[in-house]
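# Structural characterization, general
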Amino acid sequence: MKSIFFATFSLLLALPVAVRAAEEPIGDKPAVRRDAMLRAQLAKPYPPSGCWHYEDFALAAYWLDQRTDEADEALLIERENEFPLALDSGSFHWHAYLLERIYFLFGSTSKHHPGRMSAEAEAALLEMLWQWAGPRCRLEMTLPERDWWIWGSENHHAQAGAGFWGAAQIFAGHRDYRDRRFADGTSPREMARAFDDYFKRFAFERAAKGLLVECNSAYNKYTLGGWYNMADFAEDAELRRRMRMLLDLFWTDWAIEQIDGVRGGSRHRCYPGNTSTVQSGMTGASWFHFGLGTPRSKHPSVMCAATTFWRPLPIVADLARDSGERGVYETISRRPGLAEPADDEPRNFVDDPDHPFYEARDIYGLRPEGGGLLRYSYCTPD
């Protein structure tokens, strides 16, 4: 089976697109769009309550270097009031990678804006990550034979995995945490290396064998959050390179099948109605990258896309914004399909039924040999 890498970039070469006319107006650049959203976030954080409220406000305040004392207080309030609820409900994996982005950007050891976060707020952030990851993160989650296993659903698995990756990286280099042990006895340094290796394999395998099973889904925006973190902050140069390439491929695949930010083609895990016909799951993130989609979206799922240092390839940006010059074409791709278990034994990342990530109903696995779902998509002047 030809890889999706080959098929996608061959298509780019074959399309009748002149790389020319899709220049953005002066002043309408990703940084301008980002800062406009962050100012709006600072003025009225979205959503109005919960962990995301405090994380989004803190990220905006620290980035703009305004009201940073209030950002410190926001993280302390989250630690005291919201974090216990998220931990008990099993939903903290929706927040770990956002807190990790805040730490990588503004913590005391940051390579970007060190020290914008107070020592007290930083300690609260780190303690939230440790209380979540310390008992939950296991070395066995990174075993190569489980690379195509999925916990919960693809975007939940992606968020949890990225959260474990980021926590392990942070703890491995932090003087107050590097000598601690995760619940399975693994050191932060060992765990960080194992998750680096896991995500290097993940990027290669998904690029070559169909990308995401949640194809063209509203949930892709959550899946990509951790990819941006690795593309921006991974100390492992090969992981950083592969994640940037995986983002290149994802957005190339997106650009080929969209017009004005709305993606066509078949999809999986997408709601009916306007979500299918007027907007699509990546319209918030696509506005920050290309100026297409939902302007100044403040949804927490796009905060990593809005503040990433990654930028799409120029040819992809032209393709995305210059739909009138594409001509007529079809694309053929294969997406990951389900793999039946080899025997009747339920698959699980952990054996302990009391572990929060234990799934009594069985996790599901995708076909490691590659895409099992064949897709045809068509683009015409209509």
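Residues numbered from 1 in each chain as written. Predicted model: local features only at pLDDT ≥ 70, side-chain atom pairs only at ≥ 80, totals over all residues. Heavy atoms only, no water.

## Observations regarding unusual backbone geometry
- Following Tyr 46, the chain continues into Pro 47 via a peptide bond in cis, with omega recorded as -5°.
- Structurally, Pro 47 can be placed in the loop between helix 2 (30-43) and helix 3 (50-64).
- With a phi close to 55°, Asp 65 is a non-glycine residue in the positive phi region.
- With respect to the helices, strands and loops of the structure, Asp 65 is situated in the loop between helix 3 and helix 4 (68-89).
- Residues other than glycine seldom take positive phi values, yet Asn 216 does so here, at roughly 55°. (Helix = DSSP H or I, 4+ residues; strand = E, 2+ residues; numbered from the N terminus.)

## Remarks on a positive patch on the surface
- On the surface, Arg 175, Arg 178, Arg 189 and Arg 193 cluster together to form a positively charged patch.
- Inspection of the secondary structure puts Arg 178 in the loop between helix 7 (154-173) and helix 8 (188-208).
- Judged by its relative accessible area of 43%, Arg 178 is partly exposed. (Patch = residues over 30% accessible without salt bridge, like charges linked within 9 Å, V, L, I, M, F, W, Y side chains within 5 Å. Areas by Shrake-Rupley, 256 points an atom, 1.4 Å probe, with all protein chains shown as cover. Salt bridge = Lys/Arg side-chain N within 4 Å of Asp/Glu carboxyl O. Lys, Arg positive; Asp, Glu negative; His and termini not counted. Charge placed at Lys NZ, Arg CZ, Asp CG, Glu CD. Buried < 20%, exposed > 50% of the residue type's maximum accessible area, 1.4 Å probe, protein only.)

## Overview of the confidence of the model for the protein
- For the protein, the average pLDDT comes to 89, and 91% of its residues sit at 70 or higher.
- Low pLDDT (under 50) marks residues 1-6, which in the prediction has 17 contacts with non-local residues, meaning those over four places away or in another chain.
- In this model, residues 9-22 is a region of pLDDT below 50 whose contacts with residues beyond four sequence positions or in other chains number 29 contacts. (pLDDT = per-residue confidence, 0-100. Contact = heavy atoms within 4.5 Å.)

## Some thoughts on the layout of surface pockets
- Considering only enclosed or pocket space, the largest pocket measures out at about 390 Å³ in volume.
- Of all the secondary-structure elements, those providing two or more residues to the lining of the largest pocket are helix 5 (96-106), helix 7 and helix 9 (220-233).
- The element that contributes the greatest number of residues to the lining of the largest pocket is helix 7, accounting for four residues.
- Here the residues of the lining of the largest pocket sort into seven nonpolar, six polar and four charged. (1 Å grid on protein atoms, 1.4 Å probe; cavity = no way out; pocket = protein on both sides within 12 Å on 5 of 7 lines; lining within 4 Å. Points joined across faces, edges and corners; volume = space filled by probe spheres on them. Nonpolar A, V, L, I, M, F, W, Y, C, P; charged D, E, K, R; others polar.)

## Quick notes on the pairing of strand 4 (residues 329-335)
- Because side chains alternate across strand 4, one face comprises the buried residues Tyr 329, Thr 331, Ser 333 and Arg 335, and the other comprises Glu 330, Ile 332 and Arg 334, none of which is buried.
- Of the strand pairs in this sheet, strand 4 and strand 7 (residues 373-379) are connected by seven bridges, and their pairing is antiparallel. Paired with Tyr 329 across the bridge in strand 7 is Cys 379. (Pairing = 2+ DSSP bridges.)

## Some points on the environment of Gly 225
- Tracing the backbone through its elements, the reader meets Gly 225 in helix 9.
- Separated by 75 residues in the primary sequence, Gly 225 and Pro 300 place their C-alpha atoms 9.7 Å from one another.
- Filtering out sequence-adjacent residues up to four positions away, Gly 225 remains in contact with Tyr 97 and Cys 304.

## Thoughts on the pattern of salt bridges
- In the structure shown here, the tally under the stated rule is 20 salt bridges.
- Between Arg 181 and Glu 190 there is a salt bridge, with its nearest N and O atoms 3.7 Å apart.
- As a salt-bridge pair, Arg 335 and Asp 253 come within 2.9 Å of each other at their nearest N and O atoms. Here Asp 253 lies in helix 10 (residues 237-256) and Arg 335 lies in strand 4, a separation of 82 residues in the sequence.
- The class of Asp 253 is buried, set by a relative accessible area of 7%.
- Each of Asp 253, Glu 257, Arg 263, Arg 335 and Arg 375 takes part in a single network of salt bridges with overlapping partners.

## Here's the deal with the sheet that holds strand 6 (residues 364-366)
- One open sheet holds the three strands; their spatial order is 1-6-5, and the pairing between them is antiparallel. Of all strands in the sheet, those with a lone pairing partner are strand 1 (149-150) and strand 5 (338-339), marking the two edges.
- Taken together, the two bridges between strand 5 and strand 6 define a ladder with antiparallel strand orientation. By the bridge assignment, Leu 338 is partnered in strand 6 with Leu 366.

## Let's talk about the nonpolar core
- Ranked by size, the top nonpolar core spans 106 residues in total, and within it Met 243 and Trp 251 carry the most contacts.
- With 11 residues, the single largest contributor to this core is helix 3.
- When residues no more than four places from it in sequence are discounted, the contact partners of Trp 251 are Leu 224, Tyr 228, Met 282, Ala 285, Ser 286, His 289, Phe 290, Trp 310 and Val 316. (Core = buried A, V, L, I, M, F, W, Y, C linked by side-chain atoms within 4.5 Å.)

## What to know about empty space enclosed by the protein
- Applying the stated rule across the entire model yields five cavities of 30 Å³ or more.
- Each pocket or cavity is described by its volume, and for the largest cavity that value is around 120 Å³.
- In this structure, the largest cavity is lined by Met 141, Trp 151, His 157, Ala 160, Gly 161, Phe 164, Phe 195, Tyr 198, Phe 349 and Phe 357.
- Where the lining of the largest cavity is concerned, the elements lending two or more residues are helix 7 and helix 8.
- If one sorts the elements of the lining of the largest cavity by residue count, helix 7 sits on top with four residues.
- Tallied by class, the residues present in the lining of the largest cavity amount to eight nonpolar, two polar and no charged.

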